[in-house]
Every structure is written in C-alpha cells, then in structure tokens.
Amino acid sequence: MDIDDLARRILNGERRALARAITLVESGRADHRTDAITLFDRLKRHDREALRIGLSGTPGVGKSTFIETFGLMLTGQGLKVAVLAVDPSSARSGGSILGDKTRMERLSRDPSAFIRPSPSQSHLGGVARRTREAIDLCEAAGFDVVLIETVGVGQSETVVAEMSDLFMLLLAPAGGDELQGVKRGIMEMADIILVNKADGDLKSTATRTCADYAGALRLLRKRPQDPQGFPKAMTVSALEDLGLQTAWDEMQSLTNWRRENGHFTARRASQARFWFEAELKQSLLARLEREPMKGLVQSLGHEVEIGAQTPSQAAEAVLAQLEGRAHLVS
C-alpha cells in the first residue's frame, strides 16, 4: 500500500481513499497498524477542523431518522457531513447486525455526505476503538461536521463524549418512568437533550417530557464549559423536520462561545490525553494475547484454578514478566 499516495488522495477529499483508510485503521493486523500510524504522520500537518457531534439515545428513539434529516439539512446549507454509525456486533462473526446505510437511504445518496457503519466489537460504550481515528481521517478529507452515533444509552456510552465537541442525547416522549430510567452520568455529559417525535399525537407529550428534562438539568451542577442556559432540553421532529434548524443554531452558539472562552481547545487537548492513556492500556492488554505472554497467562490461570497460586500472586508474576521484557527491549 502506497501510504503517501493514500494520504494525498484523502487530502483531496476522495471518498474511496477515505473508506480504504478507515478500513486500514480498523484492522487488527500488526502490519496494518504500522501503516496506519505512518498515514497519520503524513496527515498531521493539515489544519482542517470539523465540528464533532456525538449522538446517543435509547433504541427506537429515531436516531437514524434524525441523523438523516439533520444531515440533509446541513448538506443543503453547503456543508460536508460524515456519519460514523457504530452498530451492534455479532458475537459470532464480529460484523454489524444493523446497516445504517440502508436506514439512511436519502443521505447515503447525497454527494456531500459520507456514511460509514462500524461494528462496535464489544468495545466500551459501543464506540469502536478506532472511531476516534476515523474522525481524524474525516477531518483530513475536508468534512465540516462529523456525527458519531452510538448503539444505545448507558453509563458506558459516555465514552463518546471523549471524542466529540458536542454531545447530544436523543430521547423519546414518555412519562416519569422514562425520566427515572435515564442515568445521571449520561445526563451530566449531555450538552443538549433533544426530545424527538414531537409531532402528531405525541406533540403535547413531548412538550411535557422536555419540561421534565429541563427541570432535571437545572438540578445538575453548573459546568465551567457552559454559558448561561446550557445544557438545555429541546423538542424536535425528525419525521416532519421541525426544530432541527433551531437545534443547529443552538449547537453553533454553544460552540462559538466555547471557542471564544478557550474551552474548545482545552477540551480537545484533554481528549488527546485521554486517548493516549486509553491506547496505552489497550496495547498492554493486546500484548497479553500474544506469545509468549499468552502461554504464561494460560499456565498461571490453570495454577489459579487448582489452587496452586492465588489470583494476586499470578497477576504479579505476569507483571514481573512484562517488566522484565520491557528492560530487555530498552
């Protein structure tokens, strides 16, 4: 693979090159990982910056419909939109069960949009490990907005907030039980809560639900990265395209305020630190899956099973072996 040529084509905005590069960074092969690191070294000099918007919500709330309608609205305004949709994975094959390209048919045909489904592969929060790197590739390819959709709601879903500039929580109209079921952790991460399906018979219910969430947000501790009035709850209808422009205006207003007050840059810097530490932990865990460490872990695991060693003793033996190999390498 000619990495220099691939980098040049990505910077020229070639969609096929972008798709190929994302496949490269998602690969688990060691030689592909080396190529991916080289590719990012070639791309790091670009000064392009996209607005990264994370989107989470309960299954069935209408995330795909919202993303398609919202994305078409943005491309209609001359913006280039990339959608990184993290799908649930098959436990057997590891592939995606759902297919967002089929659920976003109109947006997938838009020349100003790029949709990339990725299997979650059981990673924390349903966010694929390489999604962050796919975001960087989309920025290099000249996209203005990158939407990161996760598979559902849960406290582990908040990891998406560590790779986005804005975090949207999409919820359905419901009663108090639904409000009770939303975790405080994900509420504290949300910048804007969007109550979807505010149309037809559900419009009045959506309005009441929005008021409930707005009240809940007022009880949360004030965050330094928020201007007056944020985080906030709003009603939208992806089906009837209602409230989406207002929501986009609020997103831009919040982003501009954060840029002017230094929070935007500081947040991206802290995210880079977060992902460095996450990458380090993942790489150390991956080392345990390769020989000779894999054989040692299995052998010690057997000794723990038969009671020859305690879990703590076995773990210390593995760590000592890792440290010894590190000294040999250095």
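The following refers to the structure shown. Because the structure is predicted, anything quoted here is derived from the model rather than measured. (Residues numbered from 1 in each chain as written. Predicted model: local features only at pLDDT ≥ 70, side-chain atom pairs only at ≥ 80, totals over all residues. Heavy atoms only, no water.)

Taken N-terminus to C-terminus, the directions of helix H1 (residues 3–11) and helix H3 (residues 30–43) make an angle of 50 degrees; their axes are 9 Å apart at the nearest point. When the interaxial angle is binned, H1 and H3 end up oblique. Two packed elements cross with a definite hand, and for H1 against H3 that hand is right-handed. Judged by residue contacts, Ile3, Asp4, Leu6, Ala7, Ile10 and Leu11 of H1 engage Asp35, Thr38, Leu39, Arg42 and Leu43 from H3. Across the contact of H1 with H3, the residue classes break down as seven nonpolar, one polar and three charged. (Axes fitted to C-alpha atoms, helices over the stretch in contact; angles between N-to-C directions. Helix = DSSP H or I, 4+ residues; strand = E, 2+ residues; numbered from the N terminus. Parallel < 35°, antiparallel > 145°, perpendicular 65-115°, else oblique. Left-handed = near helix turned anticlockwise from the far one by under 90°. Contact = heavy atoms within 4.5 Å. Nonpolar A, V, L, I, M, F, W, Y, C, P; charged D, E, K, R; others polar.)

Attention now moves to the pattern of salt bridges. Under the counting rule described, the total for this entry stands at 25 salt bridges. For Arg33, the salt bridge identified is with Glu133, shortest N-O distance 2.6 Å. Of this pair, Arg33 sits in helix H3 while Glu133 is found in helix H7 (residues 131–140), placing the two residues 100 residues apart along the sequence. With relative accessibility at 17%, the residue Arg33 sits in the buried group. When its relative accessible area of 5% is taken as the criterion, Glu133 is described as buried. Each of Glu49, Arg52, Asp136, Glu139, Asp165, Arg259 and Arg268 takes part in salt bridges that share partners, so that together they form one network. (Salt bridge = Lys/Arg side-chain N within 4 Å of Asp/Glu carboxyl O. Buried < 20%, exposed > 50% of the residue type's maximum accessible area, 1.4 Å probe, protein only.)

The next subject is the environment of Val61. The topology assignment puts Val61 in the loop between strand S1 (51–57) and helix H4 (63–76). The exposure class of Val61 is buried, given its relative accessible area of 1%. Remark: the alpha-carbon pair of Val61 and Ala172, spanning 111 residues in sequence, is separated by 5.4 Å.

This part covers the pairing of S1. In terms of residue burial, S1 counts as a mostly covered element, since seven of its seven residues are buried. Here S1 shows two buried faces, one formed by Leu51, Ile53, Leu55 and Gly57 and the other by Arg52, Gly54 and Ser56. Alignment of S1 against strand S4 (residues 145–149), held across five bridges, turns out to be parallel. If you follow Leu51 over to S4, its bridge partner there is Val145. (Pairing = 2+ DSSP bridges.)

Going from Phe230 to Pro231, the amide bond is cis rather than trans, its omega being -5 degrees. Among the structural elements, Pro231 can be located in the loop between helix H10 (203–218) and strand S7 (232–235). Cis peptide bonds are those with omega within 30 degrees of zero, and the linkage from Glu291 to Pro292 qualifies with 5 degrees. Take Pro292: it is sitting in the loop between helix H12 (263–287) and helix H13 (293–306). The phi torsion at Lys197 lies on the positive side, around 65 degrees, for a residue other than glycine. Tracing the chain through its elements places Lys197 in the loop between strand S6 (192–195) and H10.

This part is about the environment of Lys63. Summarising the element assignment, Lys63 is placed in helix H4. In this structure Lys63 comes out as buried when scored by relative accessible area, which is 7%.

Another aspect to go through is the packing of aromatic side chains. With the rule as written, the count across this model stands at four aromatic pairs. When the ring of Phe114 is compared with that of Phe143, the centres are 6.1 Å apart and the planes differ by 45 degrees; the resulting orientation is tilted. In this pair, Phe114 sits in strand S3 (residues 113–119) while Phe143 sits in the loop between H7 and S4, placing the two residues 29 residues apart along the sequence. Here Phe114 and Phe143 have matching classes, each one buried. Each member of the aromatic cluster is reached from another via a ring pair, and the members are Phe66, Phe70 and Trp248. The ring of Phe143 carries the charged tip of Lys80 above its face, separated from the ring centre by 4.7 Å. Directly above the ring of Phe230 sits Lys232, whose terminal nitrogen or CZ lies 4.6 Å from the centroid. (Phe/Tyr/Trp six-rings, centres within 6.5 Å; stacked < 30°, edge-to-face > 60°. Lys NZ or Arg CZ within 6 Å of the ring centre and 35° of its normal.)

A separate point is the side chain of Arg258. Inspection of the secondary structure assignment puts Arg258 in helix H11 (residues 244–260). With a relative accessible area of 6%, Arg258 lands in the buried category. Of the polar contacts made by the side chain of Arg258, one reaches the backbone oxygen of Gln225; its length is 2.8 Å. Not counting chain neighbours up to four residues away, the residues in contact with Arg258 comprise Asp165, Leu166, Asp191, Arg223, Gln225, Asp226, His263 and Phe264. (Polar contact = N/O pair within 3.5 Å; in protein donor to acceptor, adjacent residues only side chain to side chain.)

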